[in-house]
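Structure assessment
Spelled out, the chains give:
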Amino acid sequence: MTRVAIFPGSFDPMTNAHLDVARRAASLFDRLVVGVLHNPKKAPMFSTGERVAMIREALADLGPAVEVTEFDGLTVNLAERVGAGFIVRGLRAVSDFEAELQMAHTNRKLHEEVDTVFLMTTLEFGYLSSSLAKEVALFGGDVSGMVPPAVARALAGRVASGG
Ligand code: PNS
């Protein structure tokens with residue numbers, strides 16, 4: 001039986017915490033599809049295409065068992081589209097838990113054949129968030145230990161062009 005999982009998120013942009021979860025999930029499942037949410041109601045720093053490209057570069061060494069795609073609408077619809085039985089989400093701290101629990105129950109209510117699997121983010125990345133990395137970059141701080149190289153380059157480019 002092939003075990004397929006999706007790892008959905010906004011990834012605006014991907015951080016090393018996301019990368020850590022993606023890499024560990026890739027080793028647990030036969031196929032992992034990273035789903036980048038295209039949300040027309042939000043104004044992200046990076047377009048969906050840019051976010052997909054940065055994640056593809058960061059995960060390229062994992063080979064064809066890891067795919068990156070954009071999606072809109074419901075996460076469970078992405079799961080159904082790619083034939084996934086699992087949704088992977090990272091937990092950095094207890095503060096993440098409540099919202100994640102609510103999402104997991106909602107997704108299960110919408111699609112009872114999909115289970116959510118939580119991975120605890122590696123301790124050294126437990127403080128990280130996309131917003132924090134963006135803020136550090138915007139104020140000229142060093143984000144090299146916080147985000148993959150492709151993201152660090154893109155953030156530097158955005159800062160140089162005025163945000
Ligand atoms: O990286 P994020 O912003 O924490 O990811 C949140 C995400 C994209 C997983 C969540 O907002 C989501 O699943 N959005 C799609 C809409 C949906 O399926 N809503 C119902 C489940 S809560």
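Please refer to the structure placed before this passage.
Here's a quick rundown of the structure. (Residues numbered from 1 in each chain as written. Predicted model: local features only at pLDDT ≥ 70, side-chain atom pairs only at ≥ 80, totals over all residues. Heavy atoms only, no water.)

Focus: the pairing of strand β2 (residues 31–37)
For clarity, the cut-off: The rule is simple: take the accessible area with a 1.4 Å probe, protein chains only, and divide by the maximum for that residue type; under 20% is buried, over 50% is exposed, in between is partly exposed. Numbering goes from the N terminus for both helices and strands, where a helix is a DSSP run of H or I of at least four residues and a strand is a run of E of at least two. For a crossover, the right-handed case is the one in which the path from the first strand over the helix to the second runs clockwise, viewed with the strands pointing away from the viewer. Here the rule is simple: two strands pair whenever DSSP picks up at least two bridges between them.
Of all seven residues that make up β2, five are buried, and the element is covered over most of its length. In this view, the connection linking strand β1 (residues 4–9) to its parallel neighbour β2 by way of helix α1 (residues 16–28) has right-handed handedness. Two strands pair when backbone bridges link them, and β2 and strand β3 (residues 66–71) are joined in this way by six bridges, in the parallel orientation. Bridge assignment links V33 to a residue of β3, and that residue is E67. Where the polypeptide runs from β2 across helix α2 (residues 48–59) and back to β3, its parallel neighbour, the crossover connection is right-handed.

Structural notes on the side chain of T75
Rules: Contact between two residues is taken to exist if any of their heavy atoms lie within 4.5 Å; hydrogens are not considered.
With respect to the element layout, T75 can be found in helix α3 (residues 75–82). Non-local contacts of T75, meaning those with residues more than four positions away in its chain, are made with I6, P8, I87 and N107.

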